[in-house]
Amino acid sequence: MLAKIAFGNVRKSVSDFGVYFLTVMLGVAVFYAFNSMTAQQGVLAFSETQDRMFDLLGMIIGGVSAFVAFVLVFLVVYANRFLIRRRKKEFGLYLMLGMRTGDVVKIVALESLIVGAASLAVGLLVGFGLSQLLLYVTSALFQADVADAAGFAFVFSADALVQTVAVFAAIFVIAAVLNARTVARAKLIDLLQAERASEDMKLTNLPLSLALFAASVAIIGVSYKLLIDNGLMEPSPQFAAATVLVCVGTVLFFYALSGFLLKLVQMVKPLYLSGLAMFTLRQLNSKVNTTFASLSIVCLVLFLAITSVCGGIGMRNALVGSIEASTAYSATVSTSFGAYTSETGYVPADLGGFGEFAEEQGWDAAAGLRASARTLGAGDFDALVEGAAQVDFLVDPDDGLTMGDVEEASGLALSDFAGSSVNDGYEVYPVCVMRLSQVNAALELAGKPALSLGEGECAVFSDSDITRGFYERAVERGTTLEVGGRSLKLTSFHGDSLQTTPFPLNTGAIAVPDDAVPEGAAIIQTLLNVQCATDADEAAFGEMVEAVAETSEPNTWPVTLSMTRTEVLDQSIGLSTVVSYLAIYLGFVLVVACAAILAIQQLSEASDSAPRYGLLRKLGAPEGMISGSIFVQVLVYFLFPLALAVAHSCCALAVVTDVVAVFGHLDIAETALVCAACFLAVYGAYFAVTFFGARKLAFTGK
Amino acid sequence: MGNATHGATTVVEVRNVSKRYGASGRKRSEASVTQALDRVSFAVAEGEFAAIMGPSGSGKSTLLNCLATIDKPSSGQIVIGGRTVTDLRGRQLSDFRRDDLGFIFQDANLLDTLTAYENIALALTIQHVSAREIDGRVREAARVLGIEDVLDKRPFQMSGGQRQRVAAARATVTRPHLVLADEPTGALDSRSAAALLESLEALNARGATILMVTHDAVSASYCGRVIFIKDGRLFGELRRRGADRSAFRHRIVEVVASMSDDQGEGERDAAAHAAQSEGAVPHAR
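Residues numbered from 1 in each chain as written. Chains lettered and ligands numbered in written order. Predicted model: local features only at pLDDT ≥ 70, side-chain atom pairs only at ≥ 80, totals over all residues. Heavy atoms only, no water.

## A closer look at the overall build of chain A
Condition: Think of it this way: any DSSP run of H or I at least four residues long counts as a helix, any run of E at least two long counts as a strand, and we number them from the N terminus. Per-residue accessibility, obtained with a 1.4 Å probe over protein chains only, is compared with the maximum for each type, and a residue is labelled buried under 20%, exposed over 50%, and partly exposed between these values. Residues are treated as being in contact if the distance between any of their heavy atoms lies within 4.5 Å. Computed by Shrake-Rupley with a 1.4 Å probe, the accessible areas treat only the displayed protein chains as cover when residues are assessed. Counted as positive: Lys and Arg. Counted as negative: Asp and Glu, with His and the chain ends omitted from the count. For the purpose of locating charges, the reference atoms are NZ of Lys, CZ of Arg, CG of Asp and CD of Glu.
Across its full length, chain A carries 24 helices and 11 strands. When the backbone C-alpha atoms are referred to their principal axes, chain A occupies close to 100 × 60 × 40 Å. Relative to its 702 residues, chain A shows a buried fraction of 52%. Summarising the internal contacts of chain A: among those between residues at least 6 apart in sequence, 86% fall at separations of at least 24. Accessible surface, chain A: about 30300 Å² in total, of which carbon and sulfur atoms supply 62%. Within chain A, one finds 39 positive and 63 negative side-chain charges whose respective centroids are separated by 33 Å.

Encoded structure:
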């Protein structure tokens, strides 16, 4: 009997449940699709590095999903509350007719179960499709083919399925319990008279709204200017001020918006006195006190979603585009021989037998590796390597050049340029020197022009953004550095990476004429860059170096780290793909959340306003005119937060572009556009559901 | 007083209107059918201020709903301003309500979000009247009804009487063929009621045709003619013919009393009780 009532209710109010259904359905689909991503490992032919990246992605998505589940709980409960509020009178009637509270609670729970099960089922189907789509996206991003010979594979994750069903079952239980509490606690008289609870009418001062609106636009403008002028490079007070101002401006904007629109249109009498214009504007204005806060939050969350998705994808594209610059060599083998700080002096690394071997080889990495490989039978160095160039990072063990020295000589402070991105106490760390001949050999190996230095001149190399600005300024100032008792003038800055690396590792090393290298300089680190003829040689070289790195045979070259170009590409693309996937996942959930909140709010307003629409009909306003008014109201609520969020995002992305410029050109292209289209489609779907739902509420009211 | 003048054009013609509820299928038993209106016929001339009186359950609300095109009679015809409204459908109906009818409800039914000015103007804006004309007409209507000083106020800032006069202004500002007033004084104290009725008289004097449904003899005594309705049938009518208002009221009360006496001898006791209790209202005032 109760089930029959519940089924009947769901069938009768399909449109009431529309937003609820859409939200749960999308939530389930996205939750499943992203949690099933690790299953792609079974289907796609990944390299080992890509496999590791995907493990990482799986872990992070697991963590993020906890947050997403929390957002979904909030949404489902919020959507449910709207449904319950709408139907208080109906529940009151059940109780009046002598039904027990427990039975009413059961009906509500059954309804939730029916709608929940339906949306879960549909959501899972959509989720299967979505995960299949993601499979091809991954396949394209990672350049990994579907392992199956046919080139097609169905990806399915039982774990994700179980996880999704479990999470949503829990969400439904929470929602059902909260609903039951609402119904059980309500007094019959309140349920029956729910409609009569009238909201308090407040007068809004229209000229004040006008002034506030102007102020809000000005504040937002100021915050944009602050942000663009100061950038994101460092968390400065200006950045904090811009953040606060943009929030304040946004809240003020939505507080004053309806009053502003009203006043604006009132000034144009023919527009104001046509059709339902004044009704529509007054309608918007009457709800300002209850809606401005949620509109502001929706706007800011949309801003976050748009910026993170565009920024994340843009960052990935930039990384991939610029990785060429840091993969000039087939491979780089690096060895650390010691450390230096101005406090401890030079401390040699304890390399034991390996260290002695390196000394025997005259610190020649190529010779060392050649001999080691022969000893181990790991391969023929000369057969694999076409060309090699070694760069030693040297320091005067008695009085090494430190960051503090460079600051003093230039009169600049690194922290002014890099902000908090440098560690405290950086002053004591060394600024190594490099022999010009070695640097030029390395540049030549990369196919770059050689560098020439005159007497008493030196040049600085840094591939890291942290110190770039600092050194560029130091060069401009014509800073003179003391190296091994000789004065050398900084004449140029070079951003070239002298190794193959996934991240910038060199925060600044000084290339000096060979004869200017201090007597008895100690090697802190040696890089050996090699070029191989083919990818196969490169891979073989990588394996050979690995064998040398792992052996315990003391008569071999010490290897601290080795990287081949392929490894770097895999890692960088993998990492940035992880970032973009996360941005898309979160962005999508946030957009769904925003749209759902707006939709529910609009629907409950339409429900409250039903008597007003009824009166308009009695006065003879045609249905089309009333529909038009509802359309405009819903549109204002959906469009303005989005428009302002897009404006915020454009400003933020303009600034982010500067940051990302370090990695390369920020290219918010195709992928971002596709994402934006998907988001807009979701947003649009909510808009449509809201409009039709609100229209139905308006036309069924008395 | 601008009461009915003989020979004026007919604005409303109700011909043999019947309304049965629960009679959609022939299989239903006779007992389940309620005859709300039974072959009612009457006419209202242009410029008349007429009242329809009857106890609860007499069918006067059904009659009003049929006149207002909110409900449709089961048989018979209603002609308003030369158009047979019983034949109108869909869009034609809303256009007709917009252009040819004005409504005054028991609870003013103003839009709480709009000012008095905007509430009155709304009736014109949905007719697509030009903005320039709207302003003049709204102010003119406000002047006639003495509500110029509340034009910028919202309904919750006004008294009940003011609200009802704003509603009257909204109903007449479009110059409809017919103004329908449904118990317009029902929610007002006697002083505000008198003020509203005088306003309606003033509107009538300026040419508006007003048809008011009421069960209050005092309200009815402001009209030029009172049509009595009972058990869905016409019971009779009274014409004022220039009589003094209190004298007219006494005649109305007599008819009301005779309606309830007659009812007492009849079969439907429940209806009689209702009529009696309502008939007592004029005495209470």
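## Re the sheet that holds strand β4 (residues 75-80) of chain B
Residues and elements named next belong to chain B. Let me state the cut-off plainly: DSSP bridges decide pairing: two strands pair if at least two such bridges lie between them.
The antiparallel open sheet is built from 4 strands, whose spatial order is β2-β1-β4-β5. Of all strands in the sheet, those with a lone pairing partner are β2 (34-45) and β5 (83-84), marking the two edges. Strand direction decides the pairing type here: strand β1 (residues 10-21) and β4, joined by 5 bridges, are antiparallel. Note on β4: the bridge partner recorded for V14 is I78.

## Description of the domain arrangement of chain A
The condition is simple: Boundaries of every domain are those given by an automatic assignment or by a domain database.
For chain A, the assigned domains read domain 1 (1-195), domain 2 (205-328 + 610-702) and domain 3 (331-569). Placing the centre of domain 1 of chain A and that of domain 3 of chain A at their C-alpha centroids yields a distance of 54 Å.

## Focus on the nonpolar core
Looking at soluble globular proteins, one finds that nonpolar side chains tend to be buried together. Here is the rule: Side-chain atoms within 4.5 Å are what join buried Ala, Val, Leu, Ile, Met, Phe, Trp, Tyr and Cys residues into a set we call a nonpolar core.
Y686 of chain A together with I252 of chain B are the most contacted members of the largest nonpolar core, which has 221 residues in total. In terms of residue count, the dominant contributor to this core is helix α21 (residues 565-608) of chain A (20 residues). Viewed by domain, this core spans two of them, domain 1 (1-195) and domain 2 (205-328 + 610-702) of chain A, each represented by three or more residues. Counting residues in hydrophobic clusters, the runner-up holds 47 residues, among them V406, Y426, V431 and L481 of chain A.

## What about the interface of chain A and chain B?
Much of the literature gives interface size as the accessible area that the parts lose upon coming together. Selection criterion: Here the quantity called buried area is the total loss of accessible area, with a 1.4 Å probe, experienced by two parts when brought into contact, counted for both. Each salt bridge in this description consists of a side-chain nitrogen of Lys or Arg and a carboxyl oxygen of Asp or Glu lying within 4 Å of one another. We call two N or O atoms a polar contact when they sit within 3.5 Å, provided that within protein one can donate a hydrogen and the other can accept it, with sequence-adjacent residues counted only if both atoms are side-chain atoms. Gly falls in the polar group here, along with every residue not listed as nonpolar (Ala, Val, Leu, Ile, Met, Phe, Trp, Tyr, Cys, Pro) or charged (Asp, Glu, Lys, Arg).
Listed per partner, the contact involves 26 residues of chain A and 27 residues of chain B. Taking both partners together, chain A and chain B bury about 2400 Å²; carbon and sulfur atoms supply 69% of that area. In terms of surface lost to chain B, no three residues of chain A exceed L273, K618 and L619 of chain A, which account for 26% of the buried area on that side. Applying the counting rule to chain A against chain B returns 2 salt bridges. The tally of links from chain A across to chain B stands at 4 residue pairs in polar contact (both at pLDDT 80 or more). If you list the elements that add at least two residues to the side of chain A that touches chain B, you get α10 (269-272), α11 (277-286) and α22 (610-618) of chain A. In the side of chain A that touches chain B, the residues fall into 14 nonpolar, 6 polar and 6 charged.

## Section: the confidence of the model for chain B
Residues and elements named next belong to chain B. For the record, the criterion: Here pLDDT means the predictor's own confidence in every residue, given as a number from 0 to 100.
In the predicted model, chain B carries a mean pLDDT of 80, and 85% of its residues have values of at least 70. Averaged over each element, pLDDT in chain B is lowest for helix α10 (residues 281-284) (32) and highest for strand β3 (residues 49-53) (91). Residue range residues 1-6 is modelled with pLDDT below 50. Its contacts to residues more than four positions away, or to other chains, number 11 contacts. Across residues 263-285, confidence stays below pLDDT 50; counting only partners more than four residues off in sequence or on other chains, it has 22 contacts. Across the interfaces of the predicted complex, the ipTM metric reaches 0.77, alongside a pTM of 0.72.

## Observations concerning the sheet that holds strand β6 (residues 101-104) of chain B
All names here are of chain B. What counts here: Lines fitted to C-alpha atoms define the axes, with helix axes restricted to the stretch in contact, and inter-axis angles between N-to-C directions lie between 0 and 180 degrees.
Read from one edge to the other, the open sheet built from 6 strands follows the order β6-β7-β8-β3-β9-β10, with strand pairing classed as mixed. Each edge of the open sheet carries a strand with a single partner, namely β6 and β10 (233-239). For this sheet the average axis-to-axis angle between neighbouring strands, irrespective of direction, equals 20 degrees. Each of β3, β6, β7 (178-182), β8 (210-214) and β9 (225-230) touches helix α1 (residues 60-67); the most contacted strand, β8, lies at about 150 degrees to it. Packed on one face of the sheet, helix α5 (residues 160-172) meets β6 and β7 and runs near 175 degrees to β6.

## Observations regarding the side chain of Q499 of chain A
Residues and elements named next belong to chain A. Tracing the sequence through the fold places Q499 in the loop between β8 (486-494) and β9 (509-512). A relative accessible area of 9% places Q499 in the buried class. Ignoring anything within four residues of it in the chain, the contact list for Q499 reads S326, Y329, T332, L505, L527 and N529.

## Remarks on the pattern of salt bridges
The final tally for this structure, using the stated rule, is 24 salt bridges over all chains. Note that E476 of chain A is salt-bridged to R473 of chain A, the shortest N-O span being 3.1 Å. Here E476 of chain A pairs with R473 of chain A, and both are found in helix α19 (residues 465-476), just 3 residues apart, close to one helical turn. Using a relative accessible area of 61% as the deciding quantity, one classes E476 of chain A as exposed. D100 of chain B is the partner of R83 of chain B in a salt bridge, and the nearest nitrogen-oxygen pair spans 3.7 Å. In this pair, R83 of chain B is assigned in strand β5 and D100 of chain B in helix α2 (residues 90-100), connecting sequence segments 17 residues apart. A relative accessible area of 10% places D100 of chain B in the buried class. Connected via shared salt-bridge partners are E48, R225, E237 and R239 of chain B.

## Thoughts on the environment of E427 of chain A
Residue and element names in this part refer to chain A. Along the chain, E427 falls in the loop between α17 (414-418) and β5 (432-435). Separated by 157 residues in sequence, E427 and I584 have C-alpha atoms that sit 40 Å apart. Discounting residues that sit within four places of it in the chain, E427 has contacts with T402, M403, G404 and E407.

## Structural notes on the packing of helix α16 (residues 403-410) of chain A against α19 of chain A
Residue and element names in this part refer to chain A. This is how it is decided: Relative orientations are named as follows: roughly parallel for angles under 35 degrees, roughly antiparallel for angles over 145 degrees, roughly perpendicular for angles from 65 to 115 degrees, and oblique for any other angle. Working rule for handedness: look at the near helix, and if it is turned counterclockwise from the far one by less than a right angle, call the crossing left-handed; if clockwise, right-handed.
Where α16 meets α19, the axes come as close as 10 Å, and the angle between the chain directions of the two elements is 40 degrees. With respect to α19, the element α16 is oriented oblique. At the point where α16 passes α19, the crossing takes the left-handed sense. Contacts between α16 and α19 involve M403, V406, E407 and S410 on the former and, on the latter, F470, Y471 and A474.

## With respect to the packing of helix α3 (residues 48-86) of chain A against α21 of chain A
All names here are of chain A. Put simply, α3 and α21 touch, their axes get as near as 10 Å, and they point 0 degrees apart. Of the possible angle classes, the one that applies to α3 and α21 is roughly parallel. For the contact of α3 with α21, the residue count by class is 27 nonpolar, 8 polar and 5 charged.

## What about the pairing of β1 of chain B?
In terms of strand pairing, β1 of chain B meets β2 of chain B through 8 bridges, oriented antiparallel. Each bridged residue has a counterpart across the sheet, and for R20 of chain B the counterpart in β2 of chain B is Q35 of chain B.

## Examining the packing of aromatic side chains
So the rule is basically this: Stacked, tilted and edge-to-face are the three classes applied to pairs of Phe, Tyr and Trp rings, where Trp contributes its six-membered ring and a pair requires centres within 6.5 Å; stacked means planes under 30 degrees apart, edge-to-face means over 60, and tilted covers the rest. By definition here, charges over rings are those cases where NZ of Lys or CZ of Arg is within 6 Å of the ring centre and within 35 degrees of the ring normal.
In the structure shown here, the tally under the stated rule is 23 aromatic pairs over all chains. Seen from their ring centres, F34 of chain A and Y581 of chain A are 6.4 Å apart, and the 80 degrees between their planes marks the pair as edge-to-face. Taken together, the residues F34 of chain A in helix α2 (residues 18-35) and Y581 of chain A in helix α21 connect sequence positions 547 residues apart. Between F168 of chain A and F172 of chain A, the ring centres sit 6.4 Å apart and the planes meet at 55 degrees, which makes this aromatic pair tilted. With a gap of 4 residues between them, F168 of chain A and F172 of chain A both fall in helix α6 (residues 158-185), about one helical turn apart. For the pair shown, F168 of chain A and F172 of chain A are each scored as buried. Among the aromatic residues, those joined into a cluster by ring pairs are F631, F638, Y683, F687, F691 and F692 of chain A. Its guanidinium or amino end placed over the ring of Y222 of chain B, R245 of chain B lies 3.9 Å from that ring's centre, counting from NZ or CZ.

## Remarks on unusual backbone geometry
Even without being glycine, W363 of chain A reaches a positive phi, approximately 60 degrees. Position of W363 of chain A relative to the elements: it lies in the loop between α13 (353-360) and α14 (365-376). Taking relative accessible area as the criterion, W363 of chain A reaches 32% and is therefore assigned partly exposed. Here E183 of chain B, not a glycine, exhibits a phi torsion of approximately 45 degrees, which is positive. By the secondary structure assignment, E183 of chain B is in the loop between β7 and α6 (190-205).

## Some remarks on helix α3 (residues 116-125) of chain B
Counting buried residues along α3 of chain B, 10 of its 10 residues qualify, which places the element largely inside the surrounding structure. Regarding α3 of chain B, the residues found buried are A116, Y117, E118, N119, I120, A121, L122, A123, L124 and T125 of chain B.

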